Amino acid sequence: MAAGEGYRNPTEVQMSQLVLPCHTNQRGELSVGQLLKWIDTAACLSAERHAGCPCVTASMDDIYFEHTISVGQVVNIKAKVNRAFNSSMEVGIQVASEDLCSEKQWSVCKALATFVAHRELSRVKLKPITPRTEEEKTEHSVAAERRRMRLVYADTIKDLLANCVIQDDLESRDCSHTVPAEKTRVESVELVLPPHANHQGNTFGGQIMAWMENVATIAASRLCRAHPTLKAIEMFHFRGPSQVGDRLVLKAIVNNTFKHSMEVGVCVEAYRQEAETHRRHINSAFMTFVVLDADDQPQTLPWIRPQPGDGERRYREASARKKIRLDRKYIVSCKQAEMPLSVPWDPSNQVYLSYNNVSSLKMLVAKDDWVLSSETNQIRLYTLEEDKFLAFHLEMLVHVDATQAFLLLSDLCRRPEWDKHCRSVELVQQVDEDDAIYHIISPALGGDTKPQDFVVLASRRKPCDNGDPYVIALRSVTLPTHRETPEYRRGETICSGFCFWREGDQLTKVSYYNQATPGFLNYVTTNVAGLSSEFYTTFKACEQFLLDNRNDLAPSLQTL
């Protein structure tokens, strides 16, 4: 069946649940804990449909709840596998609510979960997902970048908390209305019974999440003396399995309040027998709650007074995590069109800017609407016109190994050797092995009297799997050390870069992509319309640069 009308992803699972009184909280709204159980079940069924064997929940990305769901409404859940790796899968979940009387529907939340396939007697090697629609190709491509971010998530948080300057406002806060943090502490134990577990006896991840939401809600209620609403759950990982017969100890406490919201920390530990002294750490999570008034507006919350020692540490770390959550939400989650041209570079958001840089390019590559505009000397020029932007990409085959082409073009300091649009390139900061910031000076274009300069983040990625390209992604950032000066006109790039596909031994398909910004648009349209051949001559010079240096082993893996 062709992708398009009538096509359905073979891993897609749909679940519809009528919200009954037994599923609701004291406000007559669907309990988020119950919703998390349904989300986990649908996602698990999708993962098992692809794997052909039992699967367990490994992690859940950030979830932001946009709407509450009332009793009598229907919850519609769609889950499908975005990409399979060796033994793990990313499953995308969409949740909507439906009013049966008015036929209105609302988006409730989107979620991304990672599941691991598990067989008792043999090692699992998952078959790859073959994306067919533009949406599937985009999710499949970006899933590799999301996986990379998850794998370094714990270290990223640790580094950010260690290096982030946390404002300490404990002394300056108005303490006339404070609640001691210890008053919000909750501890509860649950016995894992067969209905709480899958066919292998492992506790459902959704059930654990539901129990966590329960104790977190109690802790939040003790602070505000009202019925709180859960707005977000931060990304978390299951550190180990839990089985039928386990006792799970769940602990929750309010870590900090932020005028209209509060962070609640939850920890889950397991033990098998009452006499056991050692407890296994199953999971930790941080949940954000608000208290809504009659008009659904957030109310002002009392300040929390942390206990000395660990309480003050949790209090300060909660402030840092709030900044990190905002970075993830507005850099990682936002659409490409919603990103400003240049975003401030900050060590606390570098992981998410790098992610957005690469994923934006991958989303541009995955578009279905590229149109072949012209072909000259075996170099093809494609264009893509959408409502808010014009993009182009150039493509050619070069008799150079893909790895070598990737390394040569990764070194932006060598770009003036082949690109006349780059007068000079300065390495400003080597962020890590894969990311660096450059200051690029270009000659004046068209009728401009001033040369242009750019401050760009260059992020590179090696293939995650067979068929994946090497990637060099570029986007503008702002640095306090490199502000705009009268000498140059500051240029910006929102999304550009190279992709390299291995087509054979010593044969590589090289593609350059660029989403045109307003200041660059006239130059682009002149070339697209055939009134200038500069695109072709520049790309031909790039080909010659690769051929001349294909035996050059100098480029280092550590240099971008």
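Keep in mind the model is a prediction, meaning the values are calculated, not measured.

(A) Structural context of the overall build of the chain. The helix and strand tally for the chain stands at nine helices and 25 strands. Across the 560 residues of the chain, 53% fall into the buried class. For the chain, the proportion of contacts with a sequence separation of at least 24, taken over those separated by at least 6, is 69%. Here the chain has roughly 26,100 Å² of accessible surface; of this, 50% comes from carbon and sulfur atoms.

(B) Fine view of helix α6 (residues 350-365). Its 16 residues place the ends of α6 23 Å apart at the C-alpha level, agreeing with the 22 Å of an ideal helix rising 1.5 Å per residue. Buried within α6 are the following residues: Tyr352, Leu353, Ser354, Tyr355, Asn356, Asn357, Val358, Ser359, Ser360, Leu361, Lys362 and Leu364.

(C) Region of the structure containing the sheet that holds strand β4 (residues 74-84). Read across the open sheet, the six strands follow the order β1-β4-β5-β6-β2-β10; overall the sheet is antiparallel. Strands at the two margins of the open sheet, each flanked by one partner only, are β1 (13-18) and β10 (236-237). Looking at chain direction, strand β2 (residues 55-60) and β10 are connected through two bridges and run antiparallel. Directly across from Ser59, in β10, lies its bridge partner His237.

(D) Focus on the environment of Thr403. Along the chain, Thr403 falls in helix α7 (residues 402-410). Taking C-alpha positions, Thr403 is 9.0 Å from Thr508, a pair spaced 105 residues apart along the chain. Once residues within four sequence positions are removed from consideration, Thr403 is found in contact with Tyr470 and Arg502. In terms of polar contacts, Thr403 uses its side chain to reach the side chain of Arg502, at 3.2 Å.

(E) Fine view of the pairing of strand β11 (residues 247-257). Most of β11 is tucked away, with nine of its eleven residues classed as buried. Here six bridges tie strand β8 (residues 186-191) to β11, and the two strands are oriented antiparallel to one another. Bridged to Val186 within β11 is Ala252. Relative to strand β12 (residues 262-271), β11 is paired through ten bridges, and the arrangement is antiparallel. In the sheet register, Leu248 faces β12, and the bridge partner there is Ala270.

(F) Inspection of empty space enclosed by the protein at higher detail. Scanning the model with the defined rule gives two cavities of 30 Å³ or more in all. Considered as a void within the structure, the largest cavity measures approximately 50 Å³ in volume. In this structure, the largest cavity is lined by Leu408, Leu409, Asp411, Leu412, Arg414, Arg415, Trp418 and Phe498. Considered class by class, the residues forming the lining of the largest cavity number five nonpolar, no polar and three charged. In this structure, the second largest cavity spans a volume of roughly 40 Å³. Contributing to the lining of the second largest cavity are Asn9, Lys80, Val81, Asn82, Ile129, Pro131, Glu136, Glu139 and His140.

(G) The nonpolar core, seen in detail. If you look at the biggest cluster of nonpolar residues, it comprises 73 residues, and the most contacted ones within it are Met89, Ile93, Met262 and Val264. Grouped together as the second largest cluster of nonpolar side chains are 36 residues, Phe392, Ala405, Ala458 and Val510 included.

(H) A look at the packing of aromatic side chains. Under the criterion given, the structure shown has nine aromatic pairs. Geometrically, the ring pair formed by Phe406 and Phe500 is edge-to-face, given 6.2 Å between the ring centres and 75 degrees between the ring planes. Within this pair, whereas Phe406 is found in helix α7, its partner Phe500 is found in strand β24 (residues 496-504), the two being separated by 94 residues in sequence. Under the relative-accessibility criterion, Phe406 is labelled buried at 1%. A connected cluster of aromatic rings, assembled from ring pairs, spans Phe392, Phe406, Trp418, Tyr470, Phe498, Phe500, Tyr512 and Phe535. The ring centre of Phe85 lies 4.5 Å from the NZ or CZ of Arg147, which sits over that ring. The aromatic ring of Phe286 is capped on one face by Arg321, whose charged end is 3.7 Å from the ring centroid.

(I) Summary view of the packing of helix α2 (residues 134-151) against α6. Close contact between α2 and α6 brings their axes to 9 Å; oriented N to C, the two are set at 165 degrees. For the element pair α2 / α6, the angle class is roughly antiparallel. Note that α2 runs across α6; the crossing there is right-handed. On the side of α2, the interface is formed by Thr138, Ser141, Val142, Ala144, Glu145, Arg146 and Met149, while α6 contributes Val351, Tyr352, Ser354, Tyr355, Val358, Ser359, Lys362 and Met363. Broken down by class, the residue content of the contact of α2 with α6 amounts to eight nonpolar, four polar and three charged.

Rules used in this analysis
Residues numbered from 1 in each chain as written. Predicted model: local features only at pLDDT ≥ 70, side-chain atom pairs only at ≥ 80, totals over all residues. Heavy atoms only, no water. Helix = DSSP H or I, 4+ residues; strand = E, 2+ residues; numbered from the N terminus. Buried < 20%, exposed > 50% of the residue type's maximum accessible area, 1.4 Å probe, protein only. Contact = heavy atoms within 4.5 Å. Areas by Shrake-Rupley, 256 points an atom, 1.4 Å probe, with all protein chains shown as cover. Expected span 1.5 Å × (residues − 1). Pairing = 2+ DSSP bridges. Polar contact = N/O pair within 3.5 Å; in protein donor to acceptor, adjacent residues only side chain to side chain. 1 Å grid on protein atoms, 1.4 Å probe; cavity = no way out; pocket = protein on both sides within 12 Å on 5 of 7 lines; lining within 4 Å. Points joined across faces, edges and corners; volume = space filled by probe spheres on them. Nonpolar A, V, L, I, M, F, W, Y, C, P; charged D, E, K, R; others polar. Core = buried A, V, L, I, M, F, W, Y, C linked by side-chain atoms within 4.5 Å. Phe/Tyr/Trp six-rings, centres within 6.5 Å; stacked < 30°, edge-to-face > 60°. Lys NZ or Arg CZ within 6 Å of the ring centre and 35° of its normal. Axes fitted to C-alpha atoms, helices over the stretch in contact; angles between N-to-C directions. Parallel < 35°, antiparallel > 145°, perpendicular 65-115°, else oblique. Left-handed = near helix turned anticlockwise from the far one by under 90°.

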